[in-house]
Amino acid sequence: MRVLVTGGAGFIGSHTCLALLEKGYEIIVIDSYINSHKRSLKRVVEIFTRNNIVKHIDIEVGDIRDEKVLDKLFLRYKDLGNPIKAVIHFAGRKSVKESVLNPLLYWDINVNGSITLLRVMDKYNCRTIVFSSSATIYGVSNCLPLKENAKIKPINPYGRTKVAIEQILSDTFHSHTNKWKIANLRYFNPIGAHSSGMIGESPIGIPNNIFPYITQVAAGVLDELKIFGKDWPTSDGTCIRDYIHVMDLAEGHIATLEYLNNFEKKIVNLNLGRGLGTSVLELVDTFEKVNNVKISTNFSNRRIGDCCTLIADNCLALSCLNWSPKRDLVKMCLDGWKWQLLNPDGYQ
Ligand code: UD1
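Just so we're clear, the structure is a prediction, and the values are computed from it rather than from any experiment.

## What to know about the overall build of the protein
A count of helices and strands for the protein gives 11 helices and 14 strands. Here the protein has a C-alpha radius of gyration of 20 Å; the compact-globule value for 348 residues is 20 Å, and the two agree. A principal-axis box enclosing the C-alpha atoms of the protein has dimensions of 55 × 45 × 40 Å. Here the protein holds 348 residues, and the buried ones make up 57% of them. Sequence separation of at least 24 residues holds for 81% of the intrachain contacts in the protein that already meet a minimum separation of 6. A total of about 15,500 Å² of accessible surface is found on the protein, and carbon and sulfur atoms cover 51% of it. Averaging the coordinates of the 42 positive side-chain charges in the protein and doing the same for the 35 negative ones gives two points 3 Å apart.

## A look at the packing of helix α3 (residues 67-79) against helix α5 (residues 103-123)
Packing of α3 against α5 leaves a shortest axis separation of 10 Å and a crossing angle of 30°. For the element pair α3 / α5, the angle class is roughly parallel. Handedness of the α3/α5 crossing: right-handed. Residue-level contacts link E67, L70, D71 and F74 of α3 to T116, L117, R119, V120, M121 and K123 of α5. Among the residues forming the contact of α3 with α5, the class breakdown is 5 nonpolar, 1 polar and 4 charged.

## Topic: the state of the cysteines
Summed over all chains, the structure comprises 0 disulfides. Among the cysteines around C308, which has no disulfide bond, C239 carries the closest sulfur, lying 5.9 Å off. C308 gets classed as buried once you look at its relative accessible area, which sits at 16%. You can see C333 has no disulfide; the closest cysteine sulfur is in C239, sitting 17 Å from it. Overall, C333 belongs to the buried group, its relative accessible area being 0%.

## Some details on the side chain of D71
Structurally, D71 is set in helix α3. Excluding its chain neighbours within four sequence positions, the residues that come into contact with D71 are V120, K123 and Y124.

## Notes on the pairing of strand β8 (residues 225-228)
Burial of β8 is one-sided: the residues L225 and I227 facing one way are buried, the residues K226 and F228 facing the other way are not. As paired elements, β8 and strand β13 (residues 297-300) share 4 bridges and run parallel to each other. By the bridge assignment, K226 is partnered in β13 with N298.

## Description of the packing of α5 against helix α6 (residues 157-173)
Between two packed helices, both the angle of their axes relative to each other and the distance between the axes serve to describe the pair. At a minimum axis distance of 9 Å, the contact between α5 and α6 shows a crossing angle of 20°. When the axes of α5 and α6 are compared, the pair comes out roughly parallel. Handedness of the crossing formed by α5 with α6: right-handed. Residues P103, Y106, W107, N110, V111, S114, I115 and L118 of α5 form the contact with α6, whose participating residues are P157, Y158, R160, T161, A164, I165, I168, L169 and T172. Partitioned by chemical class, the residues of the contact of α5 with α6 number 12 nonpolar, 4 polar and 1 charged.

## Comments concerning the layout of surface pockets
Approximately 240 Å³ is the volume attributed to the second largest pocket. Residue lining of the second largest pocket: 18 residues in total, with P203, Q216, Q340, P344 and G346 positioned closest to the centre. Going through the elements one at a time, α7 (210-218) and α11 (329-342) are the ones with two or more residues in the lining of the second largest pocket. Residues that form the lining of the second largest pocket fall into these classes: 6 nonpolar, 10 polar and 2 charged.

What counts, and at which threshold
- Residues numbered from 1 in each chain as written.
- Predicted model: local features only at pLDDT ≥ 70, side-chain atom pairs only at ≥ 80, totals over all residues.
- Heavy atoms only, no water.
- Helix = DSSP H or I, 4+ residues; strand = E, 2+ residues; numbered from the N terminus.
- Rg over C-alpha atoms; globule rule 2.2 N^0.38 Å.
- Buried < 20%, exposed > 50% of the residue type's maximum accessible area, 1.4 Å probe, protein only.
- Contact = heavy atoms within 4.5 Å.
- Areas by Shrake-Rupley, 256 points an atom, 1.4 Å probe, with all protein chains shown as cover.
- Lys, Arg positive; Asp, Glu negative; His and termini not counted.
- Charge placed at Lys NZ, Arg CZ, Asp CG, Glu CD.
- Axes fitted to C-alpha atoms, helices over the stretch in contact; angles between N-to-C directions.
- Parallel < 35°, antiparallel > 145°, perpendicular 65-115°, else oblique.
- Left-handed = near helix turned anticlockwise from the far one by under 90°.
- Nonpolar A, V, L, I, M, F, W, Y, C, P; charged D, E, K, R; others polar.
- Disulfide = S-S within 2.5 Å.
- Pairing = 2+ DSSP bridges.
- 1 Å grid on protein atoms, 1.4 Å probe; cavity = no way out; pocket = protein on both sides within 12 Å on 5 of 7 lines; lining within 4 Å.
- Points joined across faces, edges and corners; volume = space filled by probe spheres on them.

Purely geometric numbers; function is a separate question.
Written out as structure tokens, the structure reads:
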């Protein structure tokens, strides 16, 4: 089956491309490379080549807001007699901070880009989409672990664009004119890297997220990790998150595609997390122990917009999908460190 992966060169996208190829899917990636690296997809192919397996990714460098580019792409594969049957939609901006400073950019890229994509998909009768949503849409929620029907209350423009896209997808599904199959995957905190150390997270500039920050402190690139707050109402005073290995998350996408294939039409929201909470101090401690490294830390004030605890109720995903997360926190720390050691400058 031919699948289009938008934003496939990014962190989660590249790991998902690998998982798709492993399962025998034919893939095309459209990526603007504005926030990703060309090398990631080359590496994905190289992982197979090293094992004497020939795999190929068709790559289109372009922006999903460009309807002509998308139209041409869908037409090309239709004419080849091998049309695009489904889309995994990652393309979009993802920095909370940047979204606060430049909301119009976020609404334009994330929301207009998605509308354009859906319009072209509809034109070419391609009506299966797995959308890269985020647990950020729940905002600062009190009920834990979070079920999919928890209150949706995003607290920043980035989160609001994700909610808007979910709503657009819902309206499209309920339009009755077409038979759509739609899954909104709400990611918790993906970390780690592929076990080969060939692909991983390569943030441009100083990382915002904790895990690449930790690996860079361990490597001596950054001086110390600032822990945002030590007075949160948790057992050790630091925030709790539901960290999930990026390969488990990637495999969740393939399981979702397989799930959607069982239906004539379907819309579903699924939390992809492990359902386990880890505090900042526990994460740092595990990383230090399993990798035998030292992470200098210092406490600083709480970060604006942070919430205390975010844990997925993943029961729905576990029951619907032929999937469960298999890699624990130790594996996430080992794989993430291997990636950092083998690629001190990321893909640069
Ligand atoms: C963040 C985004 C979220 C996005 C997700 C993608 C914010 C507020 N939220 O989630 O919208 O979907 O990334 O992965 O940016 N921490 C430190 N020191 C640091 C960095 C982080 O102590 O230098 C702490 C944070 O307070 C938090 C935890 O580490 O408790 C995880 O932070 P982070 O990796 O940024 O993820 P989230 O904030 O959960």
